[in-house]
Amino acid sequence: MYICVCKAVTDKQIKQAINNGACSRREIYHCTGAGDVCGKCTRHIRQILDENPVQHLIMQAA
Ligand code: FES
């Protein structure tokens, strides 16, 4: 499903950016381009960010 119509960015692309470490709307913009034209998608991007928190890996010393 398209989240950002202006830049033709889908929810799948946004989730992929999150999986690659994007943790803010600004980082989503840098990864996908979503949100820099009309801004109507901003609320949806924030919602996807809230629903898909970045999984930080904690390396424990052995
Ligand atoms: S819908 Fe995303 S910038 Fe317009």
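Before any of the text, the structure's been laid out above.
What counts as what
Residues numbered from 1 in each chain as written. Predicted model: local features only at pLDDT ≥ 70, side-chain atom pairs only at ≥ 80, totals over all residues. Helix = DSSP H or I, 4+ residues; strand = E, 2+ residues; numbered from the N terminus. Buried ≥ 20, exposed ≤ 12 C-beta atoms within 10 Å, placed from the backbone. Core = buried A, V, L, I, M, F, W, Y, C linked by C-beta atoms within 7 Å. Contact = placed C-beta atoms within 7 Å. Arc of directions from axis to C-beta.

Peer 1: Go over the overall build of the chain with me, naming the residues and quoting the values.
Peer 2: Helix and strand counts for the chain come out as 3 helices and 2 strands. If you list the helices and strands of the chain from N to C, you get β-β-α-α-α. Among the 62 residues that make up the chain, the fraction classed as buried is 23%.

Peer 1: Residues and numbers for the nonpolar core, please.
Peer 2: Most often, soluble globular proteins keep nonpolar side chains buried together rather than apart. I3, C4, V9, I14, A17, I18, A22, I28, A34, C41, I45 and L49 form the largest nonpolar core, which has 12 residues in total. Here the element with the most residues in this core is helix α1 (residues 11-19); it accounts for 3 residues. Those residues in contact with C41 that sit more than four places away from it in its chain are I3, C4, A34 and G35.

Peer 1: If you had to explain the environment of A34 to someone new, which residues and values would you point to?
Peer 2: Structurally, A34 is set in the loop between α2 (25-32) and α3 (42-51). When the 27 C-beta atoms within 10 Å are taken as the criterion, A34 is described as buried. Residues A34 and C4 lie 30 residues apart in sequence; the distance between their C-alpha atoms is 5.6 Å. Residues in contact with A34, not counting those within four places in the same chain, are I3, C4, K7, V9, I14, I28, Y29, C41 and I45.

Peer 1: Before we move on, can you summarise α1 with the specific residues and values?
Peer 2: Taken together, the buried positions of α1 are I14, A17 and I18. Mapping the buried residues of α1 onto a view down its axis gives an arc of 100 degrees, with all of them on the same face. Across from the buried face of α1, at angles greater than 90 degrees, the exposed residues are K12 and N19. If you follow the buried residues of α1, they end up packed against β1 (2-4), β2 (9-10), α2 and α3. Where α1 ends, the next residue or the one after it, G21, has phi of about 115 degrees, a positive value.

Keep in mind these numbers describe shape, not what the thing actually does.
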